[in-house]
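Listed here are the chains, written in short residue letters.
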Amino acid sequence: MDQFSAFSSIDYQSLRASTPAETAVKRLNGIGEVLSGLDVSAIHTQDDMARALWTLDTADKCIRMILAEFRTERTTDVVREANSLIDLIEAARDEVSGYRDSGRVLS
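Computed from a predicted structure; not experimentally measured.

J.: What am I meant to see in the environment of I86 here?
T.: Inspection of the secondary structure puts I86 in helix α3 (residues 76–102). For I86 and R64, which are 22 residues apart along the polypeptide, the C-alpha to C-alpha distance reads 9.1 Å. If near-sequence neighbours (up to four positions away) are discounted, I86 is found in contact with D60, I63 and R64.

Take a look at the structure:
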């Protein structure tokens, strides 16, 4: 999915989290990297659509768990990163729903 492609080029070896907020951002970036492999244009069947929606739902839950876990360490960076991912997930859900509604997904 193009929306998440920015996360696929992150060099995780160079990221060393020294604060809880940096750990939260690192985890959020990891979710973004996983989502960067999601290709909505490759959805052709109901199973493909179900997998895509499951992936998006799981990512959303993970983001919310990170926000809960790092509640006291929420910095502007953590909140901005989380909100950005949540917005992209919602846009991707809308795109997947558009595939279903347009009839492009086979049974």
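J.: Would you mind going over the pattern of salt bridges with me for this structure?
T.: Should the charged atoms of two oppositely charged side chains come close, the side chains can pair. Summed over the entire model, instances satisfying the criterion amount to six salt bridges. Here E69 ties to R27 by a salt bridge, and the two come within 3.0 Å at their closest N and O atoms. Placement of E69 in helix α2 (residues 46–69) and of R27 in helix α1 (residues 20–36) is noted, with a sequence separation of 42 residues between them. Across the pair R64 and D60 runs a salt bridge whose closest N-O atoms are separated by 3.0 Å. With R64 and D60 both in helix α2 and four residues apart, this pair spans about one turn of that helix.

About the thresholds
Residues numbered from 1 in each chain as written. Predicted model: local features only at pLDDT ≥ 70, side-chain atom pairs only at ≥ 80, totals over all residues. Heavy atoms only, no water. Helix = DSSP H or I, 4+ residues; strand = E, 2+ residues; numbered from the N terminus. Contact = heavy atoms within 4.5 Å. Salt bridge = Lys/Arg side-chain N within 4 Å of Asp/Glu carboxyl O.

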